Amino acid sequence: MTTQTVCLNGEFLPLEEARVPVLDRGFIFGDGIYEVVPSYGGRLFRWPQHLARLKRSLAAIRIANPHDDDAWTALVNRLIGLHPWPDQFVYLQVTRGVARRDHAFPAQATPTVFAMASELAPVPAAQREGGIAAVSLPDERWLHCDIKSVSLLGNVLARQAAVDAGAAECLMFRDGFLTEGSSSNVWVVRNGTVFGPPRDHRILEGIRAGLLDELCARGGIPMQTRPVLREEVLAADELMVSSATKEVVAVTRLDGRPVGSGRPGPVYHALYQAYQAAKQAGG
Ligand code: PDD
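### Side note on the packing of aromatic side chains
Per the stated rule, a full pass over the model turns up 5 aromatic pairs. Of the aromatic side chains, those joined through ring pairs into one cluster are Tyr34, Tyr91 and Phe114. Positioned above the aromatic ring of Phe105, the side-chain terminus of Arg96 is 3.6 Å from the ring centre. Here Arg230 stacks its cationic end above the ring of Phe173, 5.0 Å away from the centre of that ring.

This is the structure:
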């Protein structure tokens, strides 16, 4: 077993020894943001895009960015270099820091910065080849889902509802329109075109959304960003989810019924291959 070294407020130490005070606002209020960045063969994947989103999330909740770009990059690369796994994902979290409990921002607090690298296991062959099951659920989260906030209770409850139903992910709907999964973006294929919902405050704009735009453009697969009705999802030829840790995975059962043919379809296969090629190419 590899000892996991984490970085807490600039100090590198074994995971088991890392401690955060109970008055940390991340613990008390979920007052913080995070990122999840994959690294393949020791090279960060789409790091500039992840760093940009980290900075957007910090600015959105008015936490001063504790590091400049070079310091973030050095921190993350050092962490990856400390672990033997060829493929890793780095979890970064910044909270507003430690302060006496009061909802309003403390006059003075130093952000808590936590970073942890973990092994990035490949998506299990059964899921890659057969797809995953999902359930549909109402989206009961707040209206700033574009911020990668650590306040994830809505996402946690949605994922658990999926697990309780024997599924791996949920597809959430707000006012009859598709939003996203509990920890993934959702893509709908109809007649060869990939559709995804608008990248507004109702969803987290995945770094894979930008990547899939590029892969679709390169592969000649039409891609459209527009509101997607629940009925269109239910009538999809193919459904897919994407995230840093899942890459792109076909959803082949929804609410117990097969999606399209019930097997991962041609658009999924094309995008999966293109994704692997992008990894090989380093971005
Ligand atoms: N989650 N939407 C939500 C709600 C997410 O939590 C995620 C990723 C995504 C996809 O974003 P990206 O392509 O940048 O990974 C969309 C990460 C992996 C997590 O919470 O672990």
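On we go from here.
### A short note on the nonpolar core
With 22 residues, the main nonpolar core has Trp47, Trp72 and Leu92 as its most contacted residues. If you list the elements that add at least two residues to this core, you get β3 (32-40), α2 (47-60), α3 (69-81), β5 (87-95) and β6 (112-119). Sorting elements by how many residues they give to this core places α3 first, with 5 residues. Beyond its immediate stretch of four places on either side in the chain, Trp47 contacts Val37, Trp72, Thr73, Val76 and Leu92.

### Notes on the site of the ligand
Taken together, 18 residues surround the ligand, and among them Tyr34, Glu180, Ile207, Arg208 and Ala244 come closest. Tyr34 places a side-chain nitrogen or oxygen 2.6 Å from an oxygen atom of the ligand. In this structure, a nitrogen atom belonging to the ligand sits 2.6 Å away from a side-chain N or O atom of Glu180. Across the complex, the protein chains shield 90% of the 470 Å² of accessible surface that the ligand would expose by itself. For the ligand, the cavity whose grid points lie within 2 Å of the majority of its atoms is the largest pocket. Only β3, α6 (207-219) and β13 (238-243) provide two or more residues apiece to the shell around the ligand. Among the residues forming the shell around the ligand, the class breakdown is 5 nonpolar, 9 polar and 4 charged.

### A look at the environment of Glu140
Tracing the backbone through its elements, the reader meets Glu140 in the loop between β7 (132-138) and α5 (153-164). On the basis of relative accessible area, Glu140 is assigned to the exposed category, the value being 70%. Between the alpha carbons of Glu140 and Phe173 there is a distance of 8.8 Å; along the sequence they are 33 residues apart.

### A few points about empty space enclosed by the protein
Taken as a whole and judged by the stated rule, the model has 2 cavities of 30 Å³ or more. In this model, the largest cavity occupies a volume close to 60 Å³. Lining the largest cavity are Thr179, Asn185, Val186, Trp187, Gly196, Pro197, Arg199, Ile203, Leu204, Glu205, Gly206 and Ala209. The element that contributes the greatest number of residues to the lining of the largest cavity is strand β10 (residues 185-190), accounting for 3 residues. For the lining of the largest cavity, the per-class residue count stands at 6 nonpolar, 4 polar and 2 charged. Each pocket or cavity is described by its volume, and for the second largest cavity that value is around 40 Å³. Surrounding the second largest cavity, Asp237, Glu238, Leu239, Ala250, Val251, Thr252, Val259, Arg263, Pro264 and Gly265 form its lining.

### Some thoughts on the environment of Val135
As for its position among the elements, Val135 is in strand β7. Residues Val135 and Val163 lie 28 residues apart in sequence; the distance between their C-alpha atoms is 9.2 Å. For Val135, the contacting residues outside a window of four places in its chain are Ala162, Ala165, Ala167, Glu169, Cys170, Leu171, Leu254 and Asp255.

What counts as what
Residues numbered from 1 in each chain as written. Predicted model: local features only at pLDDT ≥ 70, side-chain atom pairs only at ≥ 80, totals over all residues. Heavy atoms only, no water. Phe/Tyr/Trp six-rings, centres within 6.5 Å; stacked < 30°, edge-to-face > 60°. Lys NZ or Arg CZ within 6 Å of the ring centre and 35° of its normal. Core = buried A, V, L, I, M, F, W, Y, C linked by side-chain atoms within 4.5 Å. Buried < 20%, exposed > 50% of the residue type's maximum accessible area, 1.4 Å probe, protein only. Helix = DSSP H or I, 4+ residues; strand = E, 2+ residues; numbered from the N terminus. Contact = heavy atoms within 4.5 Å. Near = heavy atom within 4 Å. Polar contact = N/O pair within 3.5 Å; in protein donor to acceptor, adjacent residues only side chain to side chain. Areas by Shrake-Rupley, 256 points an atom, 1.4 Å probe, with all protein chains shown as cover. 1 Å grid on protein atoms, 1.4 Å probe; cavity = no way out; pocket = protein on both sides within 12 Å on 5 of 7 lines; lining within 4 Å. Sits in = over half its atoms within 2 Å of the grid points. Nonpolar A, V, L, I, M, F, W, Y, C, P; charged D, E, K, R; others polar. Points joined across faces, edges and corners; volume = space filled by probe spheres on them.

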